[in-house]
Amino acid sequence: MAFYQPHAGYGGGGKPPAGYGGGGQPPAGYGGGGQPPNMVSQQQLWDIFQRIDRDRSGAINSTELQSALSNGSWAPFNPDTVRLMMCMFDVNQMGEKGTIDFNEFQQLWRYITDWQNTFRRYDRDNSGSIDTKELSVALASFGYRLSEGFCSLLVRKFDRQGRGTVLFDDFIQACVMLQTLTAGFAQYDTHRNGWMTISYEAFLCMVFNIAINK
Ligand SMILES: [Ca+2]
Ligand SMILES: [Ca+2]
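Quick notes on the rules
Residues numbered from 1 in each chain as written. Chains lettered and ligands numbered in written order. Predicted model: local features only at pLDDT ≥ 70, side-chain atom pairs only at ≥ 80, totals over all residues. Heavy atoms only, no water. Helix = DSSP H or I, 4+ residues; strand = E, 2+ residues; numbered from the N terminus. Buried < 20%, exposed > 50% of the residue type's maximum accessible area, 1.4 Å probe, protein only. Contact = heavy atoms within 4.5 Å. Areas by Shrake-Rupley, 256 points an atom, 1.4 Å probe, with all protein chains shown as cover. Salt bridge = Lys/Arg side-chain N within 4 Å of Asp/Glu carboxyl O. Donors = N, O, S within 2.8 Å, 3.2 Å for Na, K, Ca; no water. Tetrahedral: all angles 85-135°; square planar, octahedral: opposite > 155°, others 65-115°. Phe/Tyr/Trp six-rings, centres within 6.5 Å; stacked < 30°, edge-to-face > 60°. UniProt positions renumbered as here; feature names shortened; annotations may be inferred.

**A word on the overall build of the chain**
Looking only at helices and strands, the chain features eight helices and zero strands. Out of the 214 residues in the chain, the part that is buried amounts to 42%. Of all intrachain contacts in the chain linking residues separated by at least 6 positions in sequence, the fraction that spans at least 24 positions is 59%. For the chain, the accessible area works out to roughly 11700 Å², and carbon and sulfur atoms hold 55% of it.

Here it is as structure tokens:
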């Protein structure tokens, strides 16, 4: 299932992609193609939650989450990606600001698992990272119509290791940013033809909104 019906580069479904800003729904179409997501019991999930909640506060903060997440390298998990996920899943806004309780954690777990399955599926050569070609295939299958040149730009932007590839955390970041920008564009693309006419100030509003919501 695509994020958008492909049309002129991004399609005109007009709906924001599932999985972003929707209170923790996993991305549509992810994890559904092949094997089921890593199924864990409620008890196992609770054990995991308790291990991550190092200070036993009953909630996970961004520091605890960051040290629990791994992108398969020694590099720390992208703090922007951690922040992004905290924003998405801290829905009840209760307790300490920006913390994830067990209910929210279950949604977050599912989201990360879905992304892991997606990442593995498109990491064709099992290198543990996504190169331009793999990204291009992944984005095409999500319903985006983007040139290889653009995919290569995206890799350069999100390649924190300087190896010409993106790791798991940066892959999530890149895909979510692409979804957000696409949704922003779609708001102004009233004819759904892949073009928008926008005033200077509306453009600034759009960019600042996206930058601030990041
Ligand atoms: Ca805690
Ligand atoms: Ca790869």
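**A short note on the pattern of salt bridges**
All told, the structure shown has four salt bridges when counted by the stated rule. Put simply, Glu 148 and Lys 133 hold a salt bridge, and the shortest N to O gap is 3.5 Å. Remark: Lys 133 occurs in helix α5 (residues 132–142) and Glu 148 occurs in helix α6 (residues 148–158); sequence separation between them is 15 residues. A single network of salt bridges, built from pairs that share partners, joins Arg 160, Asp 169 and Asp 170.

**Some words on the coordination of the calcium ion (ligand 2)**
The protein atoms that coordinate the calcium ion (ligand 2) are Asp 123 (OD), Asp 125 (OD), Ser 127 (OG), Ser 129 (O), Glu 134 (OE) and Glu 134 (OE), at distances of 2.2 to 2.6 Å. One can describe the site at the calcium ion (ligand 2) as irregular: its six donor atoms subtend angles covering 52 to 153° at the metal. Mapped onto the polypeptide sequence, the residues donating to the calcium ion (ligand 2) form the spacing pattern D-x1-D-x1-S-x1-S-x4-E. The class for Ser 129 is buried, based on a relative accessible area of 9%.

**Focus: the packing of aromatic side chains**
Applying the stated criterion across every chain yields a total of twelve aromatic pairs. Between the aromatic rings of Phe 49 and Phe 105, the centroid separation amounts to 5.4 Å while the plane-to-plane angle is 55°, which identifies the pairing as tilted. With Phe 49 in helix α1 (residues 42–52) and Phe 105 in helix α4 (residues 102–122), the pair connects residues that are 56 residues apart, well separated along the chain. Considered together, Phe 49 and Phe 105 belong to a single accessibility category, that of buried residues. Judged by centre distance (6.2 Å) and plane angle (65°), the ring pair of Phe 77 and Phe 168 falls under edge-to-face.

**Topic: the coordination of the calcium ion (ligand 1)**
Under perfect tetrahedral coordination by four donors, a metal shows angles of 109.5 degrees; under perfect octahedral coordination by six donors, it shows angles of 90 or 180 degrees. Protein coordination at the calcium ion (ligand 1): the donors are Asp 53 (OD), Asp 55 (OD), Ser 57 (OG), Ala 59 (O), Glu 64 (OE) and Glu 64 (OE), at 2.3 to 2.6 Å from the metal. One way to put it: the six donor atoms around the calcium ion (ligand 1) meet at angles of 52 to 158°, and that makes the site irregular. Linear spacing of the donor residues for the calcium ion (ligand 1) on their chain is D-x1-D-x1-S-x1-A-x4-E. The buried category is assigned to Ala 59, whose relative accessible area is 14%.

**Some points on the UniProt feature "domain: EF-hand" (unreviewed entry) in the chain**
Using the residue numbers shown here, the UniProt feature "domain: EF-hand" (unreviewed entry) corresponds to residues 40–75 and 110–145. A helix fraction of 50% and a strand fraction of 0% characterise residues 40–75, whose end C-alpha atoms lie 27 Å from each other. Helix makes up 67% of residues 110–145 and strand 0%, with an end-to-end C-alpha separation of 27 Å.

**Here's the deal with the environment of Trp 115**
Position of Trp 115 among the secondary structure elements: in helix α4. Among the residues examined, Trp 115 registers a relative accessible area of 0% and is labelled buried. Taking the C-alpha atoms as reference, Trp 115 lies 7.2 Å from Ile 172; in sequence the two are 57 residues apart.

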